[in-house]
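Read off the chains here:
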Amino acid sequence: MKLTILGAGLSGLSLAYFLQDRSDIEHIDIIEKDDDIAGLCRSIRKDGYTYDIGPHILFSKDKEMLELMLSVLDAKNDLKRSNQIIYKGRWVQYPFENDLSKLPKDDLDYCVSMFKANPYRGYVPQNMLQFFLKTFGEGITNTYLRPYNEKIWKYDPSFMDTQMVERIPQPTDEEIMRSASGETVEGYVHQLYFHFPKEGGIEAVPKGFARKLNSKCQIHLNNAVKSVKKQTDGTFKVVTDKGQEFVSERLISTIPIQAMTAAYDKVPADIQSHVDDLKYNSIIIAFVKTKEDLSGDNFAFMNPEKDIIFHRISKMDFLGDAYKSDSATYMVEVTYRKNDYTDQLSEEELKSRIADGMVRIGFAKEKSDSEFINITKHQYAYVIYDLNHKENMTTIREFYKAEGIDLNGRFGNFEYWNMDKVLREAKNMAENF
Ligand SMILES: Cc1cc2nc3c(=O)[nH]c(=O)nc-3n(C[C@H](O)[C@H](O)[C@H](O)COP(=O)(O)OP(=O)(O)OC[C@H]3O[C@@H](n4cnc5c(N)ncnc54)[C@H](O)[C@@H]3O)c2cc1C
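Residues numbered from 1 in each chain as written. Predicted model: local features only at pLDDT ≥ 70, side-chain atom pairs only at ≥ 80, totals over all residues.

### A short note on the overall build of the protein
Stated precisely, the cut-off is as follows: Numbered from the N terminus, helices here are DSSP runs of H or I no shorter than four residues, and strands are runs of E no shorter than two. It is over C-alpha atoms that the radius of gyration is taken, and the globule rule equals 2.2 Å times the number of residues to the power 0.38. For the purpose of contact definition, each residue receives a C-beta atom placed from its backbone, and two residues are in contact when these atoms lie within 7 Å.
A count of helices and strands for the protein gives 12 helices and 19 strands. Computed over its C-alpha atoms, the radius of gyration of the protein comes to 23 Å, within 12% of the 22 Å expected for a compact globule of 433 residues. Long-range contacts, defined here as pairs at least 24 residues apart, represent 73% of the contacts in the protein between residues at least 6 apart.

Put into structure tokens, the structure is as follows:
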């Protein structure tokens, strides 16, 4: 049997890795539009610096998949999280609810009293905002969770469902009181310790899998999928923008569902409308060097404040010697959607807004202290679990299943999956292939 995999990100590469030893598979073609593999895990190299499309760290509750990712690396750094939330000029250790004593007195009282006297506790939350109110109370929600989530998602949390957040544990009264009285309690401990490739950025992980592919597998770079057709004999014919043709008995798509649907030759109008209704965020990544290091030995800083354009800024120097600079380098993230306010900003306006943010959060003394090494835009970054997501994806999956086409990967299957989950789903699919 021949198999075609669309997309050479972590999902496509790991699917080939998990399937390559099966005796009934003779050949696997992996088709990739870019000039290199790795997709969202690609690392960007500029002026001697290496950084990723948003801070990627290796952690997981799924120990088997974590071990597998680490096993394909030449060497790794073991790191302990040190993340801060910048709130009214103060640093509150992440997660917010575990370090409340750092807040100004009025905000602290608001958070604690509304946590204890929370009228929303008894409800079954119908959306993300209701989940926050029920779990954390109005104070923590309005002080941090609502503004930060509005910023990252560019979407009102009352129009998002609870899929993303329903596993967040509810803090106990005792934990909140300890946090309010000055004790910093470590939270979300499954990500407290993490790993990062010693060299080469996060791309070292997908590249590690690519190195393990055998001679049955062939990667075709610079080939964007243009059309996919199911032929009368049941085989699939994929044609790329280069005019290359691939015919196979089985087809797995890990390219964004929007790209797959645009290429497929017989998509009914109702399926197209479900695909058109899917919401996602794009991301701007700016790589910035400052004159001085004013941020200490910390990694990521979350910024809920509305007048700072970025929601998160990560200090690359934290990740190990290969990522250090002579002062400090930062990866700045700004989410946007096509044609929204942020998307309309020119590159100069963006840089000016970011440099202004750097001064406001105290990482630069003047706007001119921020030197822009690079700035890039990436279309597919975050799946948004809006209120229609579940119904849209159930219908879309049923359609492709009936066509005999397998969907996998973060945007291929349109789920908010991290690398560990991408690998787990690839392994599951391979086991049931
Ligand atoms: C900002 C950000 C931060 C993240 N942080 C973490 C983290 O800390 N830890 C973690 O585990 N995960 C993290 N992730 C998630 C991680 O990046 C993804 O889970 C993973 O990269 C998804 O791999 P994939 O193969 O499913 O998708 P992709 O990497 O998107 O792969 C799809 C591939 O298809 C190709 N393609 C698209 N269209 C076509 C076409 N028409 N023809 C041919 N090829 C095409 C693309 O070029 C790409 O190579 C983060 C993601 C983002 C955006």
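### Digging into the site of the ligand
Selection rule: Residues are counted as near a molecule or strand when the C-beta atom, derived from backbone positions, lies within 6 Å of that molecule or strand. Here the bounds of each domain stem from an automatic or database domain assignment.
As a structural note, the neighbourhood of the ligand is formed by 37 residues, with Gly 7, Gly 9, Gly 39, Gly 54 and Gly 409 the closest of them. Of all the secondary structure elements, the ones that give two or more residues to the shell around the ligand are helix 1 (10–19), strand 18 (370–383) and helix 12 (419–431). Two domains share the shell around the ligand, each providing at least three of its residues, namely domain 1 (2–44 + 202–278 + 387–431) and domain 2 (57–94 + 188–200 + 280–383).

### Remarks on the nonpolar core
Stated formally: Nonpolar core, as used here: buried Ala, Val, Leu, Ile, Met, Phe, Trp, Tyr and Cys residues forming one set through C-beta atoms within 7 Å. Buried means a residue has 20 or more other C-beta atoms within 10 Å of its own C-beta, exposed means 12 or fewer, and partly exposed covers the counts in between; C-beta atoms are placed from the backbone.
In this structure, Ala 16, Val 332 and Ile 354 are the most contacted members of the largest nonpolar core, which totals 120 residues. Of all the elements, helix 4 (residues 128–153) adds the most residues to this core, at 12 residues. In this structure, Val 332 is in contact with Ala 286, Val 288, Phe 310, Ile 313 and Ile 354, ignoring residues within four places of it in sequence.

### Things to note about the packing of helix 8 (residues 269–276) against helix 11 (residues 389–403)
Inclusion rule: With axes taken as lines fitted to C-alpha atoms, and helix axes fitted only over the stretch in contact, angles between N-to-C directions fall between 0 and 180 degrees. If an angle is under 35 degrees, it is roughly parallel; if it is over 145, roughly antiparallel; if it lies from 65 to 115, roughly perpendicular; otherwise it is oblique. In a left-handed crossing the near helix is turned counterclockwise from the far helix by less than a right angle, and in a right-handed crossing that turn is clockwise.
Between helix 8 and helix 11, the least distance of the axes is 9 Å, while the angle of their chain directions is 135°. Looking at the two axes, helix 8 sits oblique to helix 11. Between helix 8 and helix 11 lies a crossing whose hand is left-handed. Judged by residue contacts, Ile 271, His 274 and Val 275 of helix 8 engage Asn 392, Thr 395, Ile 396 and Phe 399 from helix 11.

### Topic: the sheet that holds strand 17 (residues 328–336)
Note the cut-off: Being paired, for any two strands, means DSSP has found at least two bridges between them.
The strand order across the open sheet formed by 7 strands is 7-6-15-16-17-14-18, and the pairing between neighbours is mixed. The two strands at the open ends of the sheet, each matched to only one other strand, are strand 7 (90–93) and strand 18. Strand after strand, the sheet turns through a mean of 25° between neighbouring axes, direction not considered. Pairing of strand 15 (residues 300–302) with strand 16 (residues 312–315), which is carried by 3 bridges, proceeds in the antiparallel orientation. When the sheet's bridge partners are listed, Met 302 is paired in strand 16 with Arg 312. Where helix 10 (residues 347–360) meets the sheet, it contacts strand 14 (280–290), strand 17 and strand 18, and its direction lies at approximately 105° from that of strand 18.

### Comments concerning the domain arrangement of the protein
Stated precisely, the cut-off is as follows: All amino acids are sorted into three groups, where Ala, Val, Leu, Ile, Met, Phe, Trp, Tyr, Cys and Pro are nonpolar, Asp, Glu, Lys and Arg are charged, and the leftover types, Gly among them, are polar.
With domains assigned, the protein is organised as domain 1 (2–44 + 202–278 + 387–431), domain 2 (57–94 + 188–200 + 280–383) and domain 3 (101–166). Taken together, the contacts link 20 residues of domain 1 with 16 residues of domain 2. Looking at the side of domain 1 that touches domain 2, the elements that each hand over two or more residues are strand 3 (43–46), helix 6 (204–211) and helix 12. Tallied by class, the residues present in the side of domain 1 that touches domain 2 amount to 12 nonpolar, 2 polar and 6 charged.

### Points about the sheet that holds strand 2 (residues 27–31)
Spatial ordering of the open sheet is given by 9-2-1-13-19, a layout of 5 strands whose pairing is parallel. Two strands in the sheet have a free side with no partner beyond their single neighbour: strand 9 (217–220) and strand 19 (405–407). Taken pair by pair, the neighbouring strands of this sheet meet at an average axis angle of 20°, ignoring direction. In this structure, strand 2 lies alongside strand 9, joined through 4 bridges in parallel fashion. Counted as the bridge partner of Ile 30 is Ile 219 from strand 9.

### Side note on the pairing of strand 3
Note: strand 3 against strand 4 (residues 49–52), 4 bridges, orientation antiparallel. If you follow Arg 45 over to strand 4, its bridge partner there is Thr 50.

### Description of the pairing of strand 4
Covered by surrounding structure in strand 4 are Tyr 49 and Tyr 51 together with Thr 50 and Asp 52, the residues of both alternating faces. Where strand 3 folds back on strand 4, the antiparallel hairpin that results is connected by 2 residues, among which Asp 47 adopts a positive phi of roughly 50°.

### A look at the environment of Met 260
Its place among the elements puts Met 260 in helix 7 (residues 257–263). For the pair Met 260 and Asp 326, spaced 66 residues apart in sequence, the C-alpha to C-alpha distance is 44 Å. Contact partners of Met 260, with chain neighbours within four places excluded, come to Leu 6, Ser 253 and Ile 255.

### A few points about the packing of helix 3 (residues 105–116) against helix 5 (residues 173–180)
For the pair helix 3 and helix 5, interaxial distance at closest approach is 11 Å and the crossing angle is 170°. Taken as axis vectors, helix 3 and helix 5 run roughly antiparallel relative to one another. Contacts between helix 3 and helix 5 involve Leu 108, Val 112, Phe 115 and Lys 116 from the former and Asp 173, Ile 176 and Ala 180 from the latter. Split by residue class, the contact of helix 3 with helix 5 holds 5 nonpolar, no polar and 2 charged.

### Here we look at helix 10
Here is the rule we go by: Multiplying 1.5 Å by the residue count of a helix minus one yields the expected span of that helix. Working note: the arc is built from the helix axis to C-beta atom directions.
Taking 1.5 Å as the rise per residue, helix 10 with 14 residues should run 20 Å; its terminal C-alpha atoms sit 20 Å apart, in good agreement. Within helix 10, the full set of buried residues consists of Leu 350, Ile 354, Ala 355, Gly 357 and Met 358. When helix 10 is viewed along its axis, its buried side chains cluster within an angular range of 155° and face the same direction. Facing away from the buried side of helix 10, by more than 90 degrees, are the exposed residues Glu 348 and Glu 349. Structurally, helix 10 contributes buried residues whose contacts are with strand 14, strand 17 and strand 18. Phi turns positive one or two residues past the end of helix 10, at Gly 362, with a value near 85°.

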